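# Observations on chain architecture
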Amino acid sequence: MIPSREGRHYDHGRHPRVVSLVLPVPQASLAAAPAFAALERELRASPLAGKIAWDVAACRADRLHATLCGSLAVGSDAEPSLTDGQRAALAALGPVAVELRGLFSGNVNLGRLYLRVYPERRDGADMLATVQRIVGRPPSGLYVVGLHALTDDLDPAEAACLADLIERWWDRPILRLTVEALWLLWATDDQVLDGGVLATVPLAGGAA
């Protein structure tokens with residue numbers, strides 16, 4: 001977890017209310033995937049299992065997501081604004097296929113375990129990057145689903161185990177999804193424990 005960010009209202013995972021455009025991941029579909037069940041069994045049997053916040057994962061199961069466009073609105077009174085043109089352009093894309101693979105742990109938000117999202121390429125274009133461009137954001141090229149949080153630093157043996165898990169699971173398919181709508185998701189903490197869905201944004205004809 002990032003302790004703080006200079007010049008920004010952020011402290012140990014908490015921040016002012018932000019609303020972001022995210023790609024939802026249905027927990028029921030993920031839990032039913034054999035590969036995910038196998039990964040979870042390995043994690044629970046591993047030396048680092050005691051430092052995984054299993055209770056936190058359970059609390060946020062209905063809000064699993066990959067952030068596409070963060071901080072569209074910031075502050076308790078701020079509301080996200082997608083123009084009619086942006087909504088129409090997103091709806092015109094149609095449903096987008098993605099594949100989740102993992103395991104992944106980055107060097108920015110330390111102490112988190114993720115699944116990576118591989119987006120559909122349509123006519124050579126990364127469709128999640130296309131979503132970001134429609135909303136006026138630069139393509140990020142990296143989309144991750146926050147899976148687990150660690151409660152403490154890992155010792156050398158635990159870190160070695162995690163490195164081995166990441167290497168073996170790095171490119172293994174976990175779940176394929178066809179996403180028909182995105183979420184406008186609000187939160188005041190990194191793991192969206194106190195957040196929720198403000199609205200859906202269809203990737204097909206229809207109103208949010």
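Everything below is about the structure shown above.
Notes on the structure in this doc start here. (Residues numbered from 1 in each chain as written. Predicted model: local features only at pLDDT ≥ 70, side-chain atom pairs only at ≥ 80, totals over all residues. Heavy atoms only, no water.)

## Structural notes on the pairing of strand E7 (residues 144–149)
What counts, and what does not: Three labels apply to residues, based on accessible area from a 1.4 Å probe with only protein chains included: buried if under 20% of the type maximum, exposed if over 50%, partly exposed otherwise in between. Helix and strand assignments come from DSSP, with helices taken as H or I runs of at least 4 residues and strands as E runs of at least 2, each series counted from the N terminus. We treat two strands as partners when DSSP finds at least two bridges between them.
With six of six residues buried, E7 is to be regarded as a mostly interior element. Where strand E4 (residues 112–119) lies against E7, five bridges are found, and the strand directions are antiparallel. Along E7, the bridge assignment pairs Tyr 114 with Gly 146.

## Here we look at the pattern of salt bridges
Two side chains bearing opposite charge may form a pair once their charged atoms approach each other closely. Rules: Criterion for a salt bridge: a side-chain nitrogen of Lys or Arg within 4 Å of a carboxyl oxygen of Asp or Glu.
All told, the structure shown has eight salt bridges when counted by the stated rule. When the shortest N-O distance is used, the salt bridge between Glu 99 and Arg 176 registers 2.5 Å. Remark: Arg 176 occurs in strand E8 (residues 172–179) and Glu 99 occurs in strand E3 (residues 96–104); sequence separation between them is 77 residues. Given a relative accessible area of 9%, Glu 99 falls into the buried group. For Arg 176, a relative accessible area of 67% corresponds to the exposed category. Here Glu 120 and Arg 122 are joined by a salt bridge, their closest N and O atoms 2.9 Å apart. Among the residues examined, Glu 120 registers a relative accessible area of 22% and is labelled partly exposed.

## Side note on the packing of helix H4 (residues 84–93) against helix H5 (residues 127–134)
Which entries qualify depends on this criterion: Working convention: axes come from line fits to C-alpha atoms, limited for helices to the stretch in contact. Angles between N-to-C directions cover 0 to 180 degrees. The labels follow the angle: roughly parallel below 35 degrees, roughly antiparallel above 145, roughly perpendicular from 65 to 115, and oblique for the rest. Each crossing is labelled by how the near helix is turned from the far one, with a counterclockwise turn of less than a right angle marking it left-handed and a clockwise turn marking it right-handed. Contacts are assigned to residue pairs that have any heavy atoms within 4.5 Å of one another. When residues are grouped by polarity, Ala, Val, Leu, Ile, Met, Phe, Trp, Tyr, Cys and Pro land in nonpolar, Asp, Glu, Lys and Arg in charged, and all others, Gly among them, in polar.
Contact geometry for H4 and H5: axes closest at 10 Å, N-to-C directions at 165 degrees. Between H4 and H5, the interaxial angle falls into the category roughly antiparallel. Crossing angle aside, the handedness with which H4 passes H5 is right-handed. For the pair H4 and H5, the contacting residues are Gln 86, Ala 89, Leu 90 and Leu 93 in the first and Met 127, Thr 130, Val 131 and Ile 134 in the second. For the contact of H4 with H5, the per-class residue count stands at six nonpolar, two polar and no charged.

## Some details on the environment of Leu 39
Mapped onto the elements of the fold, Leu 39 is located in helix H2 (residues 34–45). Once residues within four sequence positions are removed from consideration, Leu 39 is found in contact with Leu 103, Leu 115, Leu 147, Trp 169 and Ile 174.

## Things to note about the packing of aromatic side chains
Defined as follows: Side-chain rings of Phe, Tyr and Trp (the six-membered ring for Trp) are treated as a pair once their centres are within 6.5 Å; stacked means planes under 30 degrees apart, edge-to-face means over 60, and tilted covers the remaining angles. Two limits define a charge over a ring: the Lys NZ or Arg CZ must be within 6 Å of the ring centre, and within 35 degrees of the ring normal.
The tally for this structure, following the rule as stated, stands at two aromatic pairs. Look at Phe 104 and Trp 170: their rings are 5.7 Å apart centre to centre, the planes differ by 55 degrees, and that puts the pair in the tilted class. Of the two residues, Phe 104 sits in strand E3 while Trp 170 sits in the loop between helix H6 (156–169) and E8, which places them 66 residues apart along the sequence. Owing to a relative accessible area of 13%, Phe 104 belongs among the buried residues under this scheme. Taken together, the ring pairs connect Phe 104, Tyr 114 and Trp 170 into an aromatic cluster. A cation over a ring is seen here: Arg 101 above Tyr 118, with NZ or CZ 3.9 Å from the ring centre. Lying across the ring of Trp 170, Arg 116 places its NZ or CZ 3.8 Å from the centre.

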